[in-house]
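Topology and contacts: notes
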Number of protein chains: 2
Amino acid sequence: MSFKGEQHPGVQAPTPDSQGFRLNHTMLRIKDPEKALAFYTRVFGMQVMRRLDFDEMGFSLYFLAKLDENEQVPEEQGERTVWTFRQRGLLELTHNWGTETQADFAYHDGNAEPQGFGHICFSVPDLEAAEAWFDANEVEFVKRSDQGKMKDVVFVKDVDGYWIEVVQADRLSALGD
Amino acid sequence: MSFKGEQHPGVQAPTPDSQGFRLNHTMLRIKDPEKALAFYTRVFGMQVMRRLDFDEMGFSLYFLAKLDENEQVPEEQGERTVWTFRQRGLLELTHNWGTETQADFAYHDGNAEPQGFGHICFSVPDLEAAEAWFDANEVEFVKRSDQGKMKDVVFVKDVDGYWIEVVQADRLSALGD
């Protein structure tokens, strides 16, 4: 028997109506795709599965995946689009054309007021190696693993200021105890 | 040869430094866990893999997964925490204690100004069946599949007002053409 979920006030058992649903992606608006793509492809090893351009509405969408080793992705564009929307855990970056040349333009990170969205999180195999890699790429830290109350949890910022949590799963077995 | 990512300005090839990185979760703050858990477990079939309570800091974290059929999850709590942080595409809901009793309290959805975060997205096997299921649960729509410029794309709101995109992958092969 596999685990079927913790019971807390409000929790209901899934019904057949949601069978096959998958949490496909999270969308963040970005100011400058060249900078955001450089950051997410170099620092986090993501790849662009599809860019979709909407000329009439003046925006482009970039769907990024961090693929596991040997993961197979279709080459053909239409098949690849369908593949993209069937995955779990992608990142969609939305670029409204022209923001990259506006000196004062910036998006809201959700952690300053008004709060809402908090962060995305990457799991990594070696937290200290990841911190060294972030330093080598001059990534801005919010919190290092040896700072604050929650040890073993790192927060960095992406180029738009969104927070990215970084954790090493096998160091968190006692978290919240 | 599997597809290795589209080339766009800024894109770099992944290095071994990001090997094993996984996009684990997206965190959203919620006002009332009982309402949010009812929504995500009933309407989207998610299950609570772990609740982590931080008494000293007055908040709780709920890690939710939409499991595939027959997906195995460890029962034992520590193992399950580690399993949770190794997954792709989870949803973390943060509850700062006490917000649920404040009548005027609300989080910011990121789509009203100031903009930033846009939405999360679920892929579903049958878009019309999903729309009927949302109606049966009195879910608020932002946009139905037959409305607006992007046909076949649905947006609903969760109980905190965050937008959830809902798509059927095999209907999107020509999206952006």
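None of these values were measured; they are calculated from a predicted model.

Below, the discussion takes up the overall build of chain A. Tallying secondary structure elements over chain A gives three helices and eight strands in all. In chain A, the order of α-helices and β-strands from amino to carboxyl end is β-α-β-β-α-β-β-α-β-β-β. Judged by the C-alpha coordinates and their principal axes, chain A covers about 50 × 45 × 40 Å. The contacts of chain A with a sequence gap of at least 6 include a subset with a gap of at least 24, amounting to 60%.

Residue and element names in this part refer to chain A. With respect to the helices and strands, Lys 143 occurs in strand β6 (residues 141-143). No salt bridge is formed by the buried Lys 143. Its closest oppositely charged neighbour is Asp 146, at 6.9 Å. Here the side chain of Lys 143 touches Met 150 through a polar contact of 2.8 Å, landing on its backbone oxygen. Each residue touching Lys 143, except ones within four places of it in the same chain, is listed here: Gly 148, Met 150, Val 153, Val 154 and Phe 155.

What follows covers the UniProt feature "domain: VOC" (unreviewed entry) in chain A. According to UniProt, the positions carrying the feature "domain: VOC" (unreviewed entry) are residues 22-169 of chain A. Taken end to end, residues 22-169 of chain A is 20% helix and 34% strand, and its first and last C-alpha atoms sit 22 Å apart.

Looking now at unusual backbone geometry. Residue and element names in this part refer to chain A. Note the cis peptide between Glu 113 and Pro 114, where omega equals -5°. With respect to the helices, strands and loops of the structure, Pro 114 is situated in the loop between β4 (90-96) and β5 (117-123). One non-glycine residue with positive phi stands out, namely Asn 70, at about 65°. Relative to the helices and strands, Asn 70 is located in the loop between β3 (59-65) and α2 (77-86). Although it is not a glycine, Asp 152 adopts a positive phi angle of roughly 70°. Position of Asp 152 relative to the elements: it lies in the loop between β6 and β7 (153-157).

About the cut-offs
Residues numbered from 1 in each chain as written. Chains lettered and ligands numbered in written order. Predicted model: local features only at pLDDT ≥ 70, side-chain atom pairs only at ≥ 80, totals over all residues. Heavy atoms only, no water. Helix = DSSP H or I, 4+ residues; strand = E, 2+ residues; numbered from the N terminus. Contact = heavy atoms within 4.5 Å. Buried < 20%, exposed > 50% of the residue type's maximum accessible area, 1.4 Å probe, protein only. Lys, Arg positive; Asp, Glu negative; His and termini not counted. Salt bridge = Lys/Arg side-chain N within 4 Å of Asp/Glu carboxyl O. Polar contact = N/O pair within 3.5 Å; in protein donor to acceptor, adjacent residues only side chain to side chain. UniProt positions renumbered as here; feature names shortened; annotations may be inferred.

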